[in-house]
Amino acid sequence: MRSLRFTAEPSATASTGGDVSDVLGLPASASDTNPAPLMFDVIIAGCGPTGAMLAAELRLHDVRVLVLEKETEPASFVRIVGLHIRSLELMAMRGLLERIRERGRRRPAGAYFAGIDKPAPAGLDSAYAYLLGIPQPVIVHLLEEHAIELGAQVRRGSAVTAFQQDDGGVTVELVDGEQLRTRYLVGCDGARSTVRKLLGVGFPGEPSRNDTLMGEVEVGVPPEEIAARMTEIRDTYKRWWLRPFGERIYSVVVPAAGVSDRAQPPTLEEFRQQLRAIAGTDFGVHSPRWLSRFGDATRLAERYRVGRVLLAGDAAHIHPPIGGQGLNLGVQDAFNLGWKLAAQVRGWAPETLLDTYQAERRPVAEDVLDNTRAQTELLSSEPGPQAVRRLLTELMDFDEVNHYLIEKITAIGVRYDFGAGPELLGRRLPDIDVKQGHLYGLLHRGRGLLLDRTERLTVGGWSDRVDHLADPTAALDVPCVLLRPDGHVAWIGDDQQDLDDHLFRWFGTPD
Ligand SMILES: Cc1cc2nc3c(=O)[nH]c(=O)nc-3n(C[C@H](O)[C@H](O)[C@H](O)COP(=O)(O)OP(=O)(O)OC[C@H]3O[C@@H](n4cnc5c(N)ncnc54)[C@H](O)[C@@H]3O)c2cc1C
């Protein structure tokens, strides 16, 4: 049996990018010589938001999933992240939104592009046109809980350290030397992804130029003094704040003195020095709850798939947190990949379906990287970028400009390239009214859906993977749409033969 081994010290073959097509092209009998039985269909490295969401999506299709998480305990820092409109829609599509909403705080959807203070434009085409602020550990916990409820296994304290793929599967090695065999491995193991590094997949882009310190502290001066000082200098220095966050606690963000090893947590003294440098006082900060630092590196993986190993979330793309898009992007990667990988495992995936994951999601990440580059420039205190910021602030008074930017940040403007067709083709369908209530209520099981206003079409032999709702009252201005499990419109029309061709394209050979 020929195979490629990927370890902390990759072999020459692996480090060139690990193109395994020659290995995967071996006759099927080669896999029979591997003594290890396939224990899992998919192993996911990393139980962050991306890994947990992917595990849940795979379980909707009965895929045997194991999530391996390096850390024994959930993260200690309580970073508040914003779930934007498209992510809220995804949660609604899986019946998770109520649970998540209970733990978060609704905020207006606008003012997230470079923090330019403009309200969201009227008429945003979504039933969920707001931002939900929620602590990252809470959203990770809720997604993990959901995945476990659906039957995923999660093992903590189990870092992936090496793997070896061949034409029959992937042998994954854990930190304690244990080996597990799976059909597919997905690296959802964050920015410093071991899986990506072991694969030898390039991660080009720009290194961090500015680090930022972030934490929660107590303060030694009255709140009015802090508020007054913030108002005074926030116009010039946009990259800092000191805001009340619960009883006696303040959230603090301040630029670091330089770029340093992110694995090293910052000290309280660094916060004090940097506050003094910007505000002329350290506000008597003391008793930190947690302190951390983050950078503004911008990088994109050259490939999202090498044979049986895939990458998703921060393992595939990183960018500055401005606009709050990273977690959203990762969860949306998982939503795009889940049903495709499940189809591959279940054996009905059309030949190129799994490769559409990279074809669709990498351009979306490229766009997010670019918009965060632009936003970062707009935060600069240099006169040039400040002038551009003033100009953009004026331009955002035009509804179309404001609309365009908010659709970018919230990902409701994403349109996958499914070929020529009406404007709706490739876009997500909002949660429209249908005779049973709301469309998204019909998508909880992660299956395709034919929404049929003509009442004369059928999903025929695809009914094991595609539902059919005949509803002449559906709030659509086209006769019928075929929705993929991720809610994107894969076909529009009223002709059965054309529909069958598209069912074949997305859902494979009928049963
Ligand atoms: C200050 C700040 C604010 C942010 N605000 C927002 C926001 O408002 N909205 C937003 O969308 N995004 C935001 N982000 C970005 C967001 O936090 C990340 O994009 C998100 O955490 C990525 O999720 P992930 O699951 O891909 O990776 P991670 O969250 O990094 O999870 C990866 C997991 O893999 C585990 N792991 C690592 N190596 C291994 C291994 N070898 N084996 C097994 N497990 C492993 C890690 O322990 C971790 O649990 C912010 C980021 C920062 C720094």
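The structure this text deals with has already been given above.
Residues numbered from 1 in each chain as written. Predicted model: local features only at pLDDT ≥ 70, side-chain atom pairs only at ≥ 80, totals over all residues. Heavy atoms only, no water.

With that settled, the discussion passes to the packing of aromatic side chains. Under the defined criterion, the tally for this structure stands at seven aromatic pairs. Ring geometry for Trp240 versus Phe283: centroids 6.3 Å apart, planes at 15°, classification stacked. Note that Trp240 is positioned in the loop between α9 (223–234) and β13 (241–244) and Phe283 in the loop between α10 (268–279) and β15 (286–294), a separation of 43 residues in sequence. Both residues of the pair, Trp240 and Phe283, belong to the buried class. Three or more aromatic residues joined by ring pairs make a cluster, and in this case those are Trp339, Trp348 and Phe507. Here the basic side chain of Arg196 rests over the ring of Phe203, its NZ or CZ set 3.6 Å away from the ring centre. Directly above the ring of Trp241 sits Arg243, whose terminal nitrogen or CZ lies 3.9 Å from the centroid. (Phe/Tyr/Trp six-rings, centres within 6.5 Å; stacked < 30°, edge-to-face > 60°. Helix = DSSP H or I, 4+ residues; strand = E, 2+ residues; numbered from the N terminus. Buried < 20%, exposed > 50% of the residue type's maximum accessible area, 1.4 Å probe, protein only. Lys NZ or Arg CZ within 6 Å of the ring centre and 35° of its normal.)

Residues separated by three or four positions in an α-helix point in the same direction, a consequence of the helix having 3.6 residues per turn. For helix α14 (residues 399–410), which comprises twelve residues, the first-to-last C-alpha distance of 16 Å matches the rise-based estimate of 16 Å (1.5 Å per residue) to within 8%. Those residues of α14 hidden inside the fold are in contact with α5 (85–93), α12 (356–378) and α13 (383–395). Backbone geometry just after α14 places Ala411 at a positive phi near 70°. (Expected span 1.5 Å × (residues − 1). Contact = heavy atoms within 4.5 Å.)

With that settled, the discussion passes to helix α4 (residues 49–59). Burial analysis of α4 places eleven of its eleven residues in the buried class, the great majority of the element. Along α4, the residues that are buried comprise Pro49, Thr50, Gly51, Ala52, Met53, Leu54, Ala55, Ala56, Glu57, Leu58 and Arg59. On its buried side, α4 packs onto β2 (40–45), β3 (65–69), α5, α7 (136–149), β10 (179–187) and α11 (326–346).

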